[in-house]
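# Coordinate inspection notes
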Amino acid sequence: MAATRTTTGERETAKPATNLVDIPYRQKLLVVAGLTVTLFVATMNQTVGATAAQNIVADIGGFDRFVWLFAGFSLAATAAVPIVGKLSDVAGRKPVLIGAVIFFMVTSAAAGASTNMTQLIVARVFQGASFAGVMGSVWIIMAALWPPSERAKWMGVATAGFTLSGVMGPIFGGVVSDTLSWRWVFFINVPTGLVSLALLWIWFPNVAPGQRKGRLDFAGAALFAIAATALLLALTWGGRDYAWDSPRIVSLLGGALVASAIFARVELKAEDPMLPLNLFSHRVFALGWLASLTTTSTFIAITAFQPLFVQGVLGKSATSAAIPLIGLAIGVASGANTSGQILSRKGHPRELGMVGLGITTAALLIMSSLDSSSSLWMLFVVTGFMGFGMSFGFTSFTVPIQNAMPVSILGVVTSTLQFGRLFGQAAGSAVFGAVLFASVAVSIVGLDENSPQVRIANPELIVAVDELAEIRAEYLADPELGEERYQTDLTASRNNLATGLSAVFLVSAFFSFTGIILAWFTFSGGAASRAANRKEPDAPAPSD
């Protein structure tokens with residue numbers, strides 16, 4: 001029934017989704033394989049800096065800005081992904097995807113060649129924009145390949161590739177930065193990108209672009225970038241570099257508010273808005289979009305900050321920091337497969353989302369109680385359960401929402417969902433970074449500025465092996481300090497960092513618990529996804 005309706009849509013609207021859904025099944029499998037490889041390569045770099053960050057900081061400095069390796073990447077991707085969705089509708093899926101992969105390779109090479117933290121952040125911003133082109137295209141194409149009745153199963157495959165690659169990023173970053181150099185975590189994207197290009201060129205069909213009209217909403221993208229950047233900078237600097245009531249922070253918050261108001265006005269009047277606000281008139285979409293923010297902010301809390309816990313609190317290497325993330329990968333793989341099958345056969349997205357986020361919340365609460373005496377293998381088990389729960393959340397807030405909206409705006413719906421998820425990662429990076437640095441800043445108040453005790457209290461140094469060796473030598477050279485005092489102060493410094501990270505995990509647990517509440521209200525319960533396959537609700541589509 002769904003397939004018949006989609007074919008009718010082809011005659012009426014000539015949408016790319018209709019053309020793709022009718023290609024031979026064997027070719028679909030090849031396209032899915034090529035898309036999964038492409039998504040894996042691109043998404044891995046979203047989090048690849050997590051375990052490499054400490055080696056990066058030890059080489060080029062900039063610990064106080066390291067969260068912007070993630071926030072800048074995600075913020076640029078957030079602003080770009082809706083533009084990519086519309087470009088894909090107009091220019092065609094294949095040209096946009098291939099162009100994005102090429103741009104991704106170029107920006108990866110620039111990141112690897114960076115000589116200071118500022119250059120690396122700028123390169124990561126452009127890499128984030130190219131990542132948006134890859135990710136946005138892949139999700140749109142994956143949804144367009146299959147009718148609603150089969151979409152859950154195959155989106156589960158894509159979700160597994162997306163989440164696993166995000167988890168593999170820190171694992172890859174830790175191993176490569178320890179054995180070769182942190183620069184190769186970026187340089188490696190050039191040869192792997194070439195493999196992805198070859199697969200897409202050979203297997204992806206040349207489908208004619210749709211007839212969608214309307215201007216690209218560059219004004220909306222620019223206003224969003226201004227508003228989000230101002231807000232995230234205020235969250236990052238407030239209470240640490242500047243007082244919350246200082247002119248700079250007040251100006252940033254005021255600027256974010258004004259830009260947001262202008263953004264909303266522009267989007268309401270835009271011929272083809274980057275963020276179609278009328279989509280939020282649908283309960284399933286609006287609440288599901290908000291729930292997606294909680295899921296992805298939790299994801300970044302683990303992939304970006306757990307490696308810092310392993311290296312800075314437990315004193316392990318970047319490679320060791322990858323061990324708990326292997327557990328996360330195992331949990332994600334099993335959870336994505338399980339949730340995709342359940343959702344495809346039985347439905348029940350509300351129950352799946354609530355159970356998954358409940359598991360995630362419990363795991364985060366356990367992580368918030370860990371300290372420098374905790375076991376690496378305890379982290380492995382906890383993050384395994386967390387990966388299982390997160391994959392339930394990702395799947396539950398993707399397919400049922402797509403199925404609940406008209407197929408004619410599938411590309412816009414999908415890209416808007418990704419918009420929310422990427423913003424959740426950017427905001428999560430900034431919020432969690434602010435929580436961490438505020439806690440760490442308090443821990444060094446009152447120390448003698450000329451003492452090595454000040455240096456050992458600096459998180460930028462306790463994760464750098466060479467710097468710690470120098471600090472230890474200073475302790476041994478000072479008769480009032482010595483080895484015993486060095487070990488005592490190092491343990492205190494690690495526990496101070498653990499306290500800050502505990503606060504991060506507690507805040508993340510609160511976000512995840514909020515997602516449970518949103519899941520309850522998003523879906524009416526029962527086999528919602530199956531009902532969506534039978535009935536397509538009326539919805540105001542964005543102006544064409």
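Residues numbered from 1 in each chain as written. Predicted model: local features only at pLDDT ≥ 70, side-chain atom pairs only at ≥ 80, totals over all residues. Heavy atoms only, no water.

## Structural notes on the overall build of the chain
When you go through the chain residue by residue, the secondary structure sums to 23 helices and zero strands. By the burial criterion, 59% of the 544 residues in the chain qualify as buried. The long-range fraction of contacts in the chain, counting pairs at least 24 apart against all pairs at least 6 apart in sequence, stands at 83%. (Helix = DSSP H or I, 4+ residues; strand = E, 2+ residues; numbered from the N terminus. Buried < 20%, exposed > 50% of the residue type's maximum accessible area, 1.4 Å probe, protein only. Contact = heavy atoms within 4.5 Å.)

## Some details on the nonpolar core
Counting 124 residues, the largest nonpolar core has Leu35, Phe66, Leu120, Phe305 and Leu501 as its most contacted members. No other element matches the 15 residues that helix α13 (residues 283-313) contributes to this core. Beyond its immediate chain neighbours, meaning those up to four positions away, Phe305 contacts Val67, Ile300, Ser429, Phe432, Gly433, Leu436, Leu501, Val504 and Phe505. Leu468, Ile471, Tyr486 and Leu490 belong to the second-largest nonpolar core, a separate cluster that totals seven residues. (Core = buried A, V, L, I, M, F, W, Y, C linked by side-chain atoms within 4.5 Å.)

## Things to note about a nonpolar patch on the surface
Together, Ile102, Phe103, Val106, Val122 and Phe126 make up an exposed nonpolar region whose accessible area comes to about 440 Å². With respect to the secondary-structure elements, Val122 resides in helix α7 (residues 117-145). (Patch = residues over 30% accessible without salt bridge, like charges linked within 9 Å, V, L, I, M, F, W, Y side chains within 5 Å. Areas by Shrake-Rupley, 256 points an atom, 1.4 Å probe, with all protein chains shown as cover. Salt bridge = Lys/Arg side-chain N within 4 Å of Asp/Glu carboxyl O.)

## Observations regarding the packing of α13 against helix α15 (residues 349-367)
At their nearest, the axes of α13 and α15 sit 12 Å apart, and the two run at 35° to each other. When you trace α13 past α15, the crossing you get is left-handed. On α15, the residues touching Thr295, Thr298, Ile302 and Gln306 of α13 are Leu357, Thr360, Leu364 and Met367. Along the lines of polarity and charge, the residues of the contact of α13 with α15 split into four nonpolar, four polar and no charged. (Axes fitted to C-alpha atoms, helices over the stretch in contact; angles between N-to-C directions. Left-handed = near helix turned anticlockwise from the far one by under 90°. Nonpolar A, V, L, I, M, F, W, Y, C, P; charged D, E, K, R; others polar.)

## Brief notes about the packing of α15 against helix α16 (residues 376-396)
At their nearest, the axes of α15 and α16 sit 7 Å apart, and the two run at 150° to each other. As judged from the angle between their axes, α15 and α16 are roughly antiparallel. For the element pair α15 and α16, the recorded crossing hand is left-handed. Contacts between α15 and α16 pair Pro349, Leu352, Gly353, Gly356, Leu357, Ile359, Thr360, Ala363, Leu364, Ile366 and Met367 from the former with Leu379, Val382, Thr383, Phe385, Met386, Phe388, Gly389, Met390, Phe392 and Ser396 from the latter. (Parallel < 35°, antiparallel > 145°, perpendicular 65-115°, else oblique.)

## Some points on α16
In this model, α16 (21 residues) spans 30 Å end to end at C-alpha, consistent with the 30 Å of a helix rising 1.5 Å per residue. By the criterion of burial, α16 is predominantly enclosed, with 15 of the 21 residues buried. (Expected span 1.5 Å × (residues − 1).)

## Describing the environment of Gln306
Position of Gln306 relative to the elements: it lies in helix α13. For Gln306, a relative accessible area of 0% corresponds to the buried category. Spatially, the C-alpha atoms of Gln306 and Leu379 are 8.9 Å apart, while their sequence positions differ by 73 residues. If we skip the residues at most four places from it in the chain, Gln306 touches Ala301, Pro324, Leu325, Met367, Leu379, Thr383 and Phe505.

## Regarding the confidence of the model for the chain
Taken residue by residue, the chain gives an average pLDDT of 74. The fraction at 70 or more is 76%. Low pLDDT, under 50, characterises residues 1-18; the stretch is placed with 22 contacts to residues that sit more than four places away or in other chains. Long-range and interchain partners of residues 525-544, a stretch whose pLDDT sits below 50, account for 50 contacts in this model, where long-range means more than four residues apart. (pLDDT = per-residue confidence, 0-100.)

## Quick look at the packing of aromatic side chains
Ring pairs (aromatic) are described by centroid distance and by the angle formed between their planes. On inspection of all chains with the given rule, the structure shows ten aromatic pairs. Aromatic pair Phe280 and Phe285: ring centres 5.3 Å apart, planes at 75°, arrangement edge-to-face. Looking at Phe280, the relative accessible area reads 25%, which means it is partly exposed. Taken together, a centroid distance of 6.2 Å and an interplanar angle of 90° make the contact between Phe305 and Phe432 edge-to-face. Of this pair, Phe305 sits in helix α13 while Phe432 sits in helix α18 (residues 410-443), and the two are 127 residues apart along the sequence. (Phe/Tyr/Trp six-rings, centres within 6.5 Å; stacked < 30°, edge-to-face > 60°.)

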